[in-house]
Amino acid sequence: MIRENIRVVNSTGLHARPATTLIKAIKKYESSVTLVNGEKTIILKGLMSVLGAGVKGNSNIDIIVDGADELDAMSEIKGLFASGFGEKE
(Lines give C-alpha, C1' and ligand atoms only; values in the text may rest on other atoms or scores of the structure.)
Protein backbone atom coordinates (compact mmCIF):
# COMPACT_ATOMS: atom_id res chain seq x y z
CA MET A 1 0.00 0.00 0.00
CA ILE A 2 1.23 3.48 -0.92
CA ARG A 3 -0.15 6.73 0.48
CA GLU A 4 0.81 10.08 -1.02
CA ASN A 5 -0.27 13.63 -0.24
CA ILE A 6 -0.97 15.32 -3.56
CA ARG A 7 -1.57 18.97 -4.43
CA VAL A 8 -4.49 19.70 -6.77
CA VAL A 9 -2.83 22.37 -8.91
CA ASN A 10 -5.69 23.21 -11.27
CA SER A 11 -7.93 25.95 -9.90
CA THR A 12 -11.17 24.17 -10.83
CA GLY A 13 -10.47 20.97 -8.87
CA LEU A 14 -11.86 17.59 -9.90
CA HIS A 15 -14.86 18.52 -12.02
CA ALA A 16 -16.22 16.26 -14.77
CA ARG A 17 -13.38 16.40 -17.33
CA PRO A 18 -10.42 15.77 -14.99
CA ALA A 19 -12.48 13.25 -13.01
CA THR A 20 -13.14 11.31 -16.23
CA THR A 21 -9.42 11.37 -17.07
CA LEU A 22 -8.57 10.09 -13.58
CA ILE A 23 -11.08 7.23 -13.77
CA LYS A 24 -9.82 6.17 -17.20
CA ALA A 25 -6.30 6.01 -15.82
CA ILE A 26 -7.34 4.08 -12.69
CA LYS A 27 -9.24 1.47 -14.69
CA LYS A 28 -6.02 0.39 -16.43
CA TYR A 29 -4.70 -1.01 -13.15
CA GLU A 30 -5.67 -3.86 -10.84
CA SER A 31 -4.88 -1.86 -7.71
CA SER A 32 -7.63 -0.17 -5.73
CA VAL A 33 -7.43 3.61 -5.41
CA THR A 34 -8.82 5.55 -2.47
CA LEU A 35 -9.07 9.34 -2.24
CA VAL A 36 -9.04 11.11 1.12
CA ASN A 37 -10.33 14.69 1.11
CA GLY A 38 -10.65 16.04 4.63
CA GLU A 39 -13.18 13.82 6.41
CA LYS A 40 -14.23 12.01 3.22
CA THR A 41 -12.59 8.70 2.30
CA ILE A 42 -13.81 7.41 -1.05
CA ILE A 43 -12.84 4.33 -3.03
CA LEU A 44 -12.60 5.51 -6.61
CA LYS A 45 -14.60 3.26 -8.90
CA GLY A 46 -16.42 5.60 -11.24
CA LEU A 47 -17.04 9.21 -12.19
CA MET A 48 -19.64 9.83 -9.48
CA SER A 49 -17.28 8.65 -6.74
CA VAL A 50 -14.68 11.21 -7.84
CA LEU A 51 -17.23 14.02 -8.14
CA GLY A 52 -18.69 13.06 -4.75
CA ALA A 53 -15.33 13.68 -3.10
CA GLY A 54 -15.79 17.43 -3.66
CA VAL A 55 -12.14 18.11 -4.42
CA LYS A 56 -11.55 21.82 -4.86
CA GLY A 57 -8.72 23.42 -6.78
CA ASN A 58 -5.49 24.43 -5.05
CA SER A 59 -6.08 21.97 -2.21
CA ASN A 60 -4.27 18.90 -0.87
CA ILE A 61 -5.65 15.37 -0.86
CA ASP A 62 -4.29 11.93 -0.03
CA ILE A 63 -4.30 9.14 -2.58
CA ILE A 64 -3.95 5.53 -1.38
CA VAL A 65 -3.12 2.84 -3.92
CA ASP A 66 -3.10 -0.83 -2.91
CA GLY A 67 -2.37 -3.77 -5.18
CA ALA A 68 0.09 -5.59 -7.39
CA ASP A 69 0.67 -2.64 -9.75
CA GLU A 70 0.43 0.12 -7.14
CA LEU A 71 3.74 1.77 -8.05
CA ASP A 72 2.77 2.19 -11.70
CA ALA A 73 -0.73 3.35 -10.81
CA MET A 74 0.53 5.92 -8.29
CA SER A 75 3.10 7.20 -10.76
CA GLU A 76 0.42 7.85 -13.40
CA ILE A 77 -1.98 9.40 -10.89
CA LYS A 78 0.70 11.75 -9.57
CA GLY A 79 1.55 12.75 -13.13
CA LEU A 80 -2.07 13.61 -13.88
CA PHE A 81 -2.36 15.79 -10.80
CA ALA A 82 1.03 17.45 -11.44
CA SER A 83 -0.07 18.36 -14.97
CA GLY A 84 -3.32 19.83 -13.67
CA PHE A 85 -5.14 17.45 -16.02
CA GLY A 86 -4.18 19.84 -18.82
CA GLU A 87 -5.80 22.77 -17.03
CA LYS A 88 -2.77 24.08 -15.15
CA GLU A 89 -2.54 27.85 -15.28
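See the structure printed just above.
Summary of the structure given here. Chains are numbered independently. Their residues run from 1 in the order of the written sequence. Under the rules for a predicted model, residues below a pLDDT of 70 receive no local features and side-chain atom pairs below 80 are neither given nor counted, while totals for whole chains, interfaces and linings still include all residues. The side-chain numbers reported here are obtained from all heavy atoms of the structure, hydrogens and water having been left aside.

Examining the side chain of Thr 34
Test applied: Note on conventions: DSSP H or I runs of at least 4 residues are helices, E runs of at least 2 residues are strands, and numbering of each starts at the N terminus. To sort residues, take the accessible area from a 1.4 Å probe on protein chains only and compare it with the maximum for the residue type: under 20% means buried, over 50% means exposed, and anything in between is partly exposed. The contact definition used throughout considers only heavy atoms, calling two residues in contact when any of these lie within 4.5 Å.
Inspection of the secondary structure puts Thr 34 in strand 2 (residues 32-37). For Thr 34, a relative accessible area of 13% puts it in the buried group. Not counting chain neighbours up to four residues away, the residues in contact with Thr 34 comprise Thr 41, Ile 42, Ile 43, Asp 62, Ile 63 and Ile 64.

Here's the deal with helix 3 (residues 70-82)
For the α-helix, the turn length of 3.6 residues means that residues three or four positions removed from each other point alike. What counts is decided by this rule: Between the first and last residue of a helix there are one fewer steps than residues, each counted as 1.5 Å, and that sum is the expected span. Regarding the arc, it is the one traced by the directions from the helix axis to the C-beta atoms.
End to end, helix 3 covers 18 Å across 13 residues, agreeing with the expected 18 Å (1.5 Å per residue, within 8%). Turning to helix 3, its buried residues number three or more, namely Glu 70, Ala 73, Met 74, Ile 77, Leu 80 and Phe 81. Along the axis of helix 3, the buried positions cluster into a sector of 125 degrees, meaning they face one direction only. For helix 3, the exposed residues set more than 90 degrees away from the buried face come down to Leu 71 and Asp 72. In this fold, the buried residues of helix 3 make contact with strand 1 (2-7), helix 1 (16-26), strand 2 and strand 4 (60-66).

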